[in-house]
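# Descriptive structure summary
These are the residues of each chain, in order.
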Amino acid sequence: SQQGEEDPQALSIQEGENATMNCSYKTSINNLQWYRQNSGRGLVHLILIRSNEREKHSGRLRVTLDTSKKSSSLLITASRAADTASYFCASSSGAGSYQLTFGKGTKLSVIP
Amino acid sequence: EPEVTQTPSHQVTQMGQEVILRCVPISNHLYFYWYRQILGQKVEFLVSFYNNEISEKSEIFDDQFSVERPDGSNFTLKIRSTKLEDSAMYFCASRADGSEKLFFGSGTQLSVL
């Protein structure tokens, strides 16, 4: 089965800096999604990138996908204290299957 | 924005007891899911449900687990005889037809003693 692995496991930056989180997976995917989880809360969908896309933007978020390296990155630009959360990548393996395989997540701390 | 609601937020139970975790998915969504996250570990898929039947299930979802949509709004996960290793945060999610975006609830923290 595929596995998403994020790195780094934890990241601490100053407000205003950019944060980059990486994710790797093992098998072919249909799409890859990024979710955010504030402490003790549910998972909030951030952005989805399909296997035939290489880059996608949404506000301050930029996601890239390299299917040859089976990896993705999430960039948050001009970070804010409110961006402090855990970020997870989740991959979906095939058409018709919406089972998501999550990584362990990156815990981001943005220091005001 | 519509949201998925889960109750209770915390559930403590004794080993061997039955528990029912409840979820109210977003009203026009047709696909429903349960995931769980053991402390410090990854979020794991348990089961997906569509048209009143299970679409997919993982190895975790054994005979101790069952799901039900008892009425037009609720979606439940039942664990018949809880084990210590069932302690986890359980997340319900729902998805609209034609969308790949899952909406998650805030979770139920299950503690089995």
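Our subject in this report is the structure included herewith.

What follows covers the overall build of chain A. Regarding its fold elements, chain A presents zero helices and eleven strands. Its C-alpha atoms give chain A a radius of gyration of 13 Å, within 12% of the compact-globule value 13 Å for 112 residues. Each principal axis of the C-alpha distribution contributes one length, and for chain A these read about 40 × 30 × 20 Å. Within chain A, the proportion of its 112 residues that are buried is 45%. The contacts of chain A with a sequence gap of at least 6 include a subset with a gap of at least 24, amounting to 55%. Charged side chains in chain A number 13 positive and 9 negative. The centres of these two groups are separated by 5 Å.

Residue and element names in this part refer to chain A. The residue Glu-55 is located in strand 6 (residues 55–58) in this model. Of the residues examined, Glu-55 reaches a relative accessible area of 40% and is grouped as partly exposed. Sequence separation between Glu-55 and Ala-90 is 35 residues; the distance between their C-alpha atoms is 16 Å. Once you skip the residues sitting within four places of it in the chain, Glu-55 turns out to touch Ile-49, Arg-62, Val-63 and Thr-64. Within polar-contact distance, the side chain of Glu-55 engages the side chain of His-57 at 2.7 Å. Within the structure, Glu-55 has its side chain in polar contact with the side chain of Arg-62 (distance 3.2 Å).

Attention shifts here to the packing of aromatic side chains. Following the criterion strictly, the structure yields 13 aromatic pairs over all chains and no others. Look at B:Phe49 and B:Phe75: their rings are 5.2 Å apart centre to centre, the planes differ by 40°, and that puts the pair in the tilted class. Residue B:Phe49 is located in strand 5 (residues 43–50), and its partner B:Phe75 is located in strand 8 (residues 75–79); the two are separated by 26 residues in the primary sequence. Per residue, the accessibility class of B:Phe49 equals that of B:Phe75, and both read buried. An aromatic cluster is defined as three or more aromatic residues linked by ring pairs; in this entry it consists of A:Tyr35, A:Phe102, B:Tyr33, B:Tyr35, B:Phe45, B:Phe91 and B:Phe104. Lying over the aromatic face of B:Tyr31, B:Arg95 brings its terminal NZ or CZ to 4.0 Å of the ring centre.

A covalent bond between the sulfur atoms of two cysteines is what we call a disulfide. Tallied over the entire structure, the rule returns two disulfides over all chains. Residue A:Cys23 pairs covalently with A:Cys89 via a disulfide, S to S 2.0 Å. Taking the sign of the S-S torsion, about 65° here, the bridge from A:Cys23 to A:Cys89 comes out right-handed. Note that A:Cys23 is positioned in strand 3 (residues 19–24) and A:Cys89 in strand 9 (residues 85–94), a separation of 66 residues in sequence. You can call A:Cys89 buried: its relative accessible area is 1%. Two residues, B:Cys23 and B:Cys92, share a disulfide whose sulfurs are 1.9 Å apart. Where B:Cys23 bonds to B:Cys92 through sulfur, the torsion about that S-S bond is close to -65°, and the disulfide is left-handed. With a gap of 69 residues between them, B:Cys23 in strand 3 (residues 19–24) and B:Cys92 in strand 9 (residues 88–95) connect regions that are remote in the sequence.

The next point concerns the nonpolar core. B:Trp34, B:Leu46, B:Phe61, B:Val67, B:Phe75, B:Leu77 and B:Tyr90 are the most contacted members of the largest nonpolar core, which has 22 residues in total. Of all the elements in the fold, those that place two or more residues in this core are strand 3, strand 4 (31–37), strand 5, strand 7 (65–68), strand 8, strand 9 and strand 11 (108–112) of chain B. Contact partners of B:Val67, with chain neighbours within four places excluded, come to B:Trp34, B:Val47, B:Phe49, B:Ile54, B:Phe61, B:Phe75, B:Thr76 and B:Leu77. A:Ala19, A:Ile29, A:Ile49 and A:Leu61 belong to the second largest nonpolar core, which has 21 residues in total.

Our focus in this paragraph is the sheet that holds strand 7 (residues 61–66) of chain A. All names here are of chain A. With antiparallel pairing, the five strands of this open sheet are ordered in space as 1-3-8-7-6. Strand pairing shows two members of the sheet lacking a second neighbour, strand 1 (5–7) and strand 6, which therefore form its edges. Put simply, the sheet's adjacent strands are angled 15° from each other on average, direction ignored. Pairing analysis gives three bridges linking strand 1 to strand 3, with the strands arranged antiparallel. The residue of strand 3 that forms the bridge with Asp-7 is Asn-22.

Definitions and limits used
Residues numbered from 1 in each chain as written. Chains lettered and ligands numbered in written order. Predicted model: local features only at pLDDT ≥ 70, side-chain atom pairs only at ≥ 80, totals over all residues. Heavy atoms only, no water. Helix = DSSP H or I, 4+ residues; strand = E, 2+ residues; numbered from the N terminus. Rg over C-alpha atoms; globule rule 2.2 N^0.38 Å. Buried < 20%, exposed > 50% of the residue type's maximum accessible area, 1.4 Å probe, protein only. Contact = heavy atoms within 4.5 Å. Lys, Arg positive; Asp, Glu negative; His and termini not counted. Charge placed at Lys NZ, Arg CZ, Asp CG, Glu CD. Polar contact = N/O pair within 3.5 Å; in protein donor to acceptor, adjacent residues only side chain to side chain. Phe/Tyr/Trp six-rings, centres within 6.5 Å; stacked < 30°, edge-to-face > 60°. Lys NZ or Arg CZ within 6 Å of the ring centre and 35° of its normal. Disulfide = S-S within 2.5 Å. Core = buried A, V, L, I, M, F, W, Y, C linked by side-chain atoms within 4.5 Å. Pairing = 2+ DSSP bridges. Axes fitted to C-alpha atoms, helices over the stretch in contact; angles between N-to-C directions.

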